[in-house]
Amino acid sequence: MFFNSWFKKEKPLPSFAGFGGGIGGFAAKSSGSGFEVTGGNSTQTFTQDSVNYKAHIFTDNSTDLVIAGSPGDIDILVVGGGGGGGSGSQPGRGGGGGAGALIYEPEYTIAVGTYDITIGAGGAGGDLNPPTGGPGSPGSPGTVGGNTSVGSIFIAIGGGFGASNISDAGGTGGSGGGGAGNSSGASGSHNPGGSTFPPGASVHGTIGGAGGGSHAGGGGGAVQAGGGPGAPGSPDRAVGSDGGDGKPVGIIPAPTVPAPEGGYYYWAGGGGGQGSSPDGVGGKGGAAGGQIGGDGDYGYNPAQPDPGTPFPRAGDNTGSGGGGASSSTNKGSQGGSGIVIVRYVV
């Protein structure tokens, strides 16, 4: 689960534009006495700025959102599944997966009814191709993340896949996937128009990073594009690019110790691109939901004693992209699944 571990960024994002300046800017409008909400895998009741809230957290498809009694006002966060990282061809490198689209709307008036909840799965990491891997293996791209939806009102599309073959572009999604390395794999595009949301909502996503030199591009995050190649001939030309940072959204309180920066969770960070060799340093995914996206040189390695155990990857229910890998050794990392959070004043 996303709240089992946390990640603290060293530098704050310069703005919380679109989210009312942080926790204090969220809705404090009380709904009518007949307003009733059920559903979710878990609930939290808490107080922020002297206002009492209840949140319903949806982490899988097992429960619907049910509104009974009368319409009411909610704050809602919807994040698509992150794209899977690519397993790059030798001597190319796999690009990082893009983050799922992030949609947020405060004070949305929701009608009485039952709303089907679909949580987008994280995209699979690129497989070894052929299965034995080794130098010269062409590798495989990751897959796009799944869409997360609340009925037909909110649909956050999944993140773009990380690229594999030399010069291949990253995939299009909520945020774009990273391009393949060792040439000029183009960055994946983000597609804000692919998501569905009411007029008052904001949708976030960015492009992936282009590949170049001996490394692959990082996946795009909710607020920061994936990293691209360093200058030709520079040392960082061989280092995997960072994934873009996720977006801080304080719809539920973060733990006090340790805590993400400013008491906010970060959601939808991009996966890192793979570096110039299996021993190279992969770019780190952006912080999301208290966790990080997949690192570029981490993937699923079938040569390990327990091939069923993956390396560190994008966190569950964060919408983060998976890290890219080299097909001579590792599969790309899986993207993180999406999430829906609904909260209201009680």
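Here the structure is shown first, and the text comes after it.
Residues numbered from 1 in each chain as written. Predicted model: local features only at pLDDT ≥ 70, side-chain atom pairs only at ≥ 80, totals over all residues. Heavy atoms only, no water.

Asks: Please explain the overall build of the chain as it appears in this structure.
Replies: Each helix and strand in the chain was counted, giving zero helices and 18 strands. By residue count, 55% of the 346 residues in the chain fall in the buried class. Here the analysis covers contacts within the chain between residues at least 6 apart in sequence; of these, 67% occur between residues at least 24 apart. On the chain, roughly 12,100 Å² of surface is accessible, and the fraction owed to carbon and sulfur atoms is 53%. (Helix = DSSP H or I, 4+ residues; strand = E, 2+ residues; numbered from the N terminus. Buried < 20%, exposed > 50% of the residue type's maximum accessible area, 1.4 Å probe, protein only. Contact = heavy atoms within 4.5 Å. Areas by Shrake-Rupley, 256 points an atom, 1.4 Å probe, with all protein chains shown as cover.)

Asks: Where do I start with the sheet that holds strand S8 (residues 113-115) in this structure?
Replies: Strand pairing in a sheet takes place through backbone hydrogen bonds and is either antiparallel or parallel in direction. Strand order in the open sheet made by the three strands is S1-S4-S8, with antiparallel pairing throughout. Edge positions in the open sheet fall to strand S1 (36-38) and S8, since each of these has one partner strand only. Recorded for the sheet is a direction-independent mean angle of 15° between the axes of neighbouring strands. Relative to S8, strand S4 (residues 65-68) is paired through three bridges, and the arrangement is antiparallel. Within S8, the position partnered with Leu65 by the bridge is Tyr115. (Pairing = 2+ DSSP bridges. Axes fitted to C-alpha atoms, helices over the stretch in contact; angles between N-to-C directions.)

Asks: How do you make sense of the side chain of His56 when you look at a structure like this?
Replies: Mapped onto the elements of the fold, His56 is located in strand S3 (residues 51-58). Side-chain polar atoms of His56 contact the backbone oxygen of Gly39, separated by 2.7 Å. In this view, His56 contacts Val37, Thr38, Gly39, Ser42, Thr43, Val340, Ile341, Val342 and Tyr344; residues no more than four positions away in its chain are not counted. (Polar contact = N/O pair within 3.5 Å; in protein donor to acceptor, adjacent residues only side chain to side chain.)

Asks: Looking at this structure, I do not really get the pattern of salt bridges. What am I missing?
Replies: Any two side chains of opposite charge can pair, on the condition that their charged atoms come close. Per the counting criterion, the structure on display carries one salt bridge. The salt bridge partner of Arg343 is Asp75, with a shortest N-O separation of 3.0 Å. Here Arg343, found in strand S18 (residues 339-345), pairs with Asp75, found in strand S5 (residues 72-79); they are 268 residues apart in sequence, far enough to count as distant. Residue class for Arg343 comes out buried when judged on its relative accessible area of 0%. (Salt bridge = Lys/Arg side-chain N within 4 Å of Asp/Glu carboxyl O.)

Asks: Just checking my understanding: could you explain unusual backbone geometry for this structure?
Replies: For residues other than glycine, phi is negative in most cases, and the peptide bonds are mostly trans. Positive phi, normally seen in glycine, also occurs at Asp49, with a value near 50°. Summarising the element assignment, Asp49 is placed in the loop between strand S2 (42-48) and S3. Residue Asp49 is classed as exposed on the basis of its relative accessible area of 57%. The backbone of Glu107 shows a phi angle near 55°, a positive value even though the residue is not glycine. Mapped onto the elements, Glu107 comes out in strand S7 (residues 102-110).

Asks: Is there a simple way to think about the pairing of S4 in this case?
Replies: Residues Leu65 and Ile67 of S4 are buried on one face, while the alternating residues Val66 and Ala68, pointing to the opposite face, are not. As judged from the three bridges shared by S1 and S4, these two strands associate in the antiparallel manner. Counterpart to Thr38 in the pairing with S4 is Val66.

Asks: What exactly am I supposed to notice about the sheet that holds S5 here?
Replies: As summarised here, the arrangement of the six strands in space is S2-S3-S18-S5-S7-S12, forming an open sheet in which the pairing is antiparallel. Since the sheet does not close on itself, it has two edges, and those belong to S2 and strand S12 (202-204), each with one partner. Between one strand axis and the next, the sheet turns through 20° on average, direction left out of account. Of the pairings in the sheet, the one linking S5 to S18 comprises five bridges and is antiparallel in character. Across the sheet, residue Val79 finds its bridge partner in S18, namely Ile339.

Asks: Hey, could you run me through the pairing of S3 in this one?
Replies: Note on strand geometry: in a regular strand, side chains alternate between the two faces of the sheet. Counting buried positions along S3 gives six out of eight residues, so the element sits mostly inside the fold. Both S2 and S3 contribute to a ladder of seven bridges, which runs antiparallel. The residue bridging Gln44 from the neighbouring strand is Ala55, located in S3. Of the pairings in the sheet, the one linking S3 to S18 comprises six bridges and is antiparallel in character. The residue bridging Tyr53 from the neighbouring strand is Val345, located in S18.

Read these as geometric descriptors, not functional statements.
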